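Below, each chain spelled out in residue letters.
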Amino acid sequence: MFKIFEQIGRYCQLMGKVFSIPEKPGIYGRRIMYEMEALGFNSIGLTAIISIFIGAVITLQMAINLESPFIPKYLIGYATRETMILEFSSTVVALILAGKVGSNIASEIGTMRITEQIDALEIMGVNSASYLILPKVVATVLFFPLLTLLSIIIGTIGGYIIASATDIMIPAQYIEGLFYCFRTYSIVYSLIKMAVFAFIITSVSAFCGYYANGNSLEVGKASTRAVVASSIVIMLFNLILTQLLLT
Amino acid sequence: MIKGEHISKSFEGRTVLNDISVEFETGKTNLIIGRSGSGKTVLLKTLVGLHTPDQGRIFYDDVCYTELGFTERKAIRKDIGMIFQGGALLDSSTVVENVKLPLDLFTDQSEEEKRARVDFCLRRVRLEGADHLYPSELSGGMIKRVAIARAIVLNPRYLFCDEPNSGLDPQTSVVIDNLIQDITREYNITTIINTHDMNSVMEIGEKIVYIHEGHKWWEGSKDDILLSDNRELNDFVFASAMAKRAKQQIVK
């Protein structure tokens, strides 16, 4: 138990270093663009593929389980939309990104630690935590909500495709369901959640990598720790944010 | 000049450095030598500020480094260049980007000025035509040259080298050694090299400090080594039978 508090303390200390005043903001601008491409843009494909299949599967599941003359068919489209917006495109996509981006960040920074690249930055007088981690945090907090939007759009398209390709319902009913009782706030809620999750994935993974020491085995362990810890913290904050934002 | 006074350092109860006092002179190539695990890397990292000594003080010229705050230390660090054992180049940056990084972060020079300085440093270490290669595309000797170019790009007053020859063939080692010595003399830098390469010791050892089991065991020049009767030093420097015979010949 004491170790958890010790780790939280070290994490807070590291974040203090990360958010201290940068040496040259111009340099950070270029690095943020680089990280946006490396961490965000390169995750579009994975997000799109998973979203289209999940959207299709949700629609199929709803159609199978809501088979009743008393339940209007358009509710299938409605349920797909709500599932995508409220949970899948933020929480589940965040968990997937914790696996892809989180392990990438932890292993990158961990390797830099064991090959003395971080020491080299420190010797130059560079705030290594800020130089390496801040651009990643800013890039993901700005870019991951766009992935959420993309996931919502592609997921609902996946539902539409399966509705059109099979006889489970008339596509027009699916479209009607998509617009039924639509609340813009749900999208805002989803984007806020994803921004918070992006911060968690990047900062927790960077923390695991930054304090890695030893050899390549330790980098592997740091990478695993990053994914596990990010996933747990995401689930915890999912609960907290849902309570705060939706009740 | 860099001076350490009564430096001690332990890790988890194990004493690695024990009351070491040492002075390294400006314009000379100062060598720290010793067996693997003797504490020489810890001494170098303590002198450069990567480890905090448990006891003792470190002076950079007249400034007591160990008593400085974070901001004042940062100012001194801009006068320090360091060459790491593996080069420690940033993997995601090209040769030019690696060398230019300190200029990007700490100067207000224009892109043209920075580029001119980078080109000068790369020429100085005799590395041309590799500007846009990444560290993974370089040989061991080229990595060391880039590391040296990056270390000197801001005109440092102090240069630290952690086993600059490790993993290099003897010929390339001599080239790197001579390059470091030339730069030291040319810019009047205080250079400290941590090595267990005996070729380096005999080639450029103007001042040598031998560390044995965490203690400063001996100090002198490369010429003094040949005449020294210090048993541990002789066992370390003249480890092979051939080297022992060579020393006996020289002594005779």
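Remember, predicted model here, so these are calculated numbers, not experimental data. (Residues numbered from 1 in each chain as written. Chains lettered and ligands numbered in written order. Predicted model: local features only at pLDDT ≥ 70, side-chain atom pairs only at ≥ 80, totals over all residues. Heavy atoms only, no water.)

Draft legend 1. View of the overall build of chain A. Counting its regular elements, chain A contains nine helices and zero strands. Taken along the three principal axes of its C-alpha coordinates, chain A extends 70 × 40 × 35 Å. Going through the 247 residues of chain A one by one, you find that 48% of them count as buried. Expressed as a percentage of contacts within chain A between residues at least 6 apart in sequence, the contacts between residues at least 24 apart total 87%. Looking at chain A as shown, the accessible area adds up to about 11400 Å², and 73% of this sits on carbon and sulfur atoms. Mean positive and mean negative side-chain charge positions of chain A (15 and 14 charges, respectively) differ by 4 Å. (Helix = DSSP H or I, 4+ residues; strand = E, 2+ residues; numbered from the N terminus. Buried < 20%, exposed > 50% of the residue type's maximum accessible area, 1.4 Å probe, protein only. Contact = heavy atoms within 4.5 Å. Areas by Shrake-Rupley, 256 points an atom, 1.4 Å probe, with all protein chains shown as cover. Lys, Arg positive; Asp, Glu negative; His and termini not counted. Charge placed at Lys NZ, Arg CZ, Asp CG, Glu CD.)

Draft legend 2. Representation of the packing of helix α4 (residues 74-114) of chain A against helix α7 (residues 171-179) of chain A. Residues and elements named next belong to chain A. The N-to-C vectors of α4 and α7 enclose an angle of 50°; their axes lie 6 Å apart at closest approach. Overall, the two elements α4 and α7 adopt an arrangement that is oblique. The way α4 lies across α7 gives a crossing that is right-handed. In this structure, α4 uses Tyr74, Gly77, Tyr78, Thr80 and Arg81 to contact α7, whose residues at the interface are Gln173, Tyr174, Glu176, Gly177, Leu178 and Phe179. Class assignment for the residues of the contact of α4 with α7 results in five nonpolar, four polar and two charged. (Axes fitted to C-alpha atoms, helices over the stretch in contact; angles between N-to-C directions. Parallel < 35°, antiparallel > 145°, perpendicular 65-115°, else oblique. Left-handed = near helix turned anticlockwise from the far one by under 90°. Nonpolar A, V, L, I, M, F, W, Y, C, P; charged D, E, K, R; others polar.)

Draft legend 3. Spotlight on the packing of aromatic side chains. All names here are of chain A. Evaluation of the coordinates by the stated rule reveals twelve aromatic pairs over all chains. Measuring from ring centre to ring centre gives 6.3 Å for tyrosine 28 and tyrosine 131, while their planes differ by 90°; the resulting arrangement is edge-to-face. Of this pair, tyrosine 28 sits in helix α2 (residues 25-40) while tyrosine 131 sits in helix α6 (residues 128-165), and the two are 103 residues apart along the sequence. Here tyrosine 28 falls in the buried class, since its relative accessible area comes to 5%. These aromatic residues form a ring-pair network of at least three members: Tyr11, Phe207, Tyr210 and Tyr211. Here arginine 10 stacks its cationic end above the ring of tyrosine 211, 4.1 Å away from the centre of that ring. (Phe/Tyr/Trp six-rings, centres within 6.5 Å; stacked < 30°, edge-to-face > 60°. Lys NZ or Arg CZ within 6 Å of the ring centre and 35° of its normal.)

Draft legend 4. Broad picture of the pattern of salt bridges. Per the stated rule, a full pass over the model turns up 31 salt bridges over all chains. Between Arg157(B) and Asp61(B) there is a salt bridge whose closest N-O contact spans 2.7 Å. With Arg157(B) in the loop between α5 (140-152) and β7 (158-162) and Asp61(B) in the loop between β4 (55-60) and β5 (63-64), this residue pair connects regions lying 96 residues apart in the sequence. In this structure, Arg185(B) and Glu206(B) form a salt bridge, with 3.2 Å as the shortest nitrogen-oxygen distance. Placement of Arg185(B) in helix α6 (residues 170-187) and of Glu206(B) in the loop between α7 (198-204) and β9 (207-212) is noted, with a sequence separation of 21 residues between them. Taking the relative accessible area as the measure of exposure, Arg185(B) reaches 49% and is therefore partly exposed. Residue class for Glu206(B) comes out partly exposed when judged on its relative accessible area of 25%. Within this structure, Arg31(A), Glu35(A), Glu108(A) and Lys136(A) form a network of salt bridges that share partners. (Salt bridge = Lys/Arg side-chain N within 4 Å of Asp/Glu carboxyl O.)

Draft legend 5. Summary view of the nonpolar core. Ranked by internal contacts, the top residues of the largest apolar core, which has 52 residues, are Leu14(A), Leu97(A), Tyr131(A), Ile133(A) and Phe144(A). Listing elements by their share of this core, those giving two or more residues are α1 (2-18), α2, α4, α5 (117-123), α6, α8 (184-210) and α9 (216-246) of chain A together with α3 (95-106) of chain B. Considering each element in turn, this core owes the most residues, eleven residues, to α4(A). Filtering out sequence-adjacent residues up to four positions away, Tyr131(A) remains in contact with Ile27(A), Tyr28(A), Arg31(A), Leu121(A), Val126(A), Leu90(B), Leu101(B) and Leu105(B). Within the second largest apolar cluster, 43 residues are counted, among which are Ala147(B), Leu168(B), Leu179(B) and Val201(B). (Core = buried A, V, L, I, M, F, W, Y, C linked by side-chain atoms within 4.5 Å.)

Draft legend 6. Broad picture of the interface of chain A and chain B. Tallying the contact residues gives 18 residues for chain A and 25 residues for chain B. Buried surface at the junction of chain A and chain B, summed over both partners, amounts to about 1900 Å²; 61% is from carbon and sulfur atoms. Asp119(A) is the partner of Lys45(B) in a salt bridge, and the nearest nitrogen-oxygen pair spans 4.0 Å. Our enumeration of links across chain A and chain B arrives at three residue pairs in polar contact (both at pLDDT 80 or more). Broken down by secondary-structure element, the contributors of at least two residues to the side of chain A that touches chain B are α2 and α5 of chain A. Among the elements that take part in the side of chain A that touches chain B, α5(A) stands out by supplying six residues, more than any other. For the side of chain A that touches chain B, the residue count by class is nine nonpolar, three polar and six charged. (Buried area = accessible area lost by both parts, 1.4 Å probe. Polar contact = N/O pair within 3.5 Å; in protein donor to acceptor, adjacent residues only side chain to side chain.)

Draft legend 7. Region of interest: the packing of α8(A) against α9(A). Residues and elements named next belong to chain A. The interhelical angle for the contact between α8 and α9, taken along N-to-C directions, is 150°, at an axis separation of 9 Å. The orientation of α8 with respect to α9, classified from their angle, is roughly antiparallel. Judged by the twist between their axes, the crossing of α8 over α9 is right-handed. Residues that form the contact of α8 with α9 fall into these classes: 18 nonpolar, four polar and two charged.

Draft legend 8. Representation of the pairing of strand β3 (residues 29-33) of chain B within the structure. Residue and element names in this part refer to chain B. Extensive coverage of β3 is indicated by the burial of five of its five residues. Taken together, the five bridges between β3 and strand β8 (residues 190-195) define a ladder with parallel strand orientation. Note that in β8 the partner of isoleucine 32 across the bridge is asparagine 194. (Pairing = 2+ DSSP bridges.)

Draft legend 9. Inspection of the environment of Ser103(A) at higher detail. All names here are of chain A. In this structure, serine 103 sits in helix α4. For the pair serine 103 and serine 20, spaced 83 residues apart in sequence, the C-alpha to C-alpha distance is 25 Å. Apart from the residues within four sequence positions on either side, serine 103 is in contact with Ala98, Ser223 and Val227.

Draft legend 10. Helix α2 (residues 70-77) of chain B, seen in detail. Among the residues of α2(B), Arg73(B), Ile76(B) and Arg77(B) are the ones counted as buried. Considered in projection along α2(B), the buried side chains sweep an arc of 100° and stay on one side of the axis. Against the buried residues of α2(B) lie α5 of chain A together with α1 (40-48), β4, β5 and β6 (80-83) of chain B. (Arc of directions from axis to C-beta.)

Draft legend 11. Local environment of the sheet that holds β7(B). Residue and element names in this part refer to chain B. With mixed pairing, six strands are arranged side by side in an open sheet as β6-β7-β8-β3-β9-β10. Edge positions in the sheet fall to β6 and β10 (215-220), since each has one partner strand and no second. Strand-to-strand twist across the sheet, computed as the mean angle between neighbouring axes with direction ignored, equals 20°. For β9 and β10, the ladder comprises five bridges, and the chain directions are antiparallel.

Worth remembering: the numbers are spatial, not functional.
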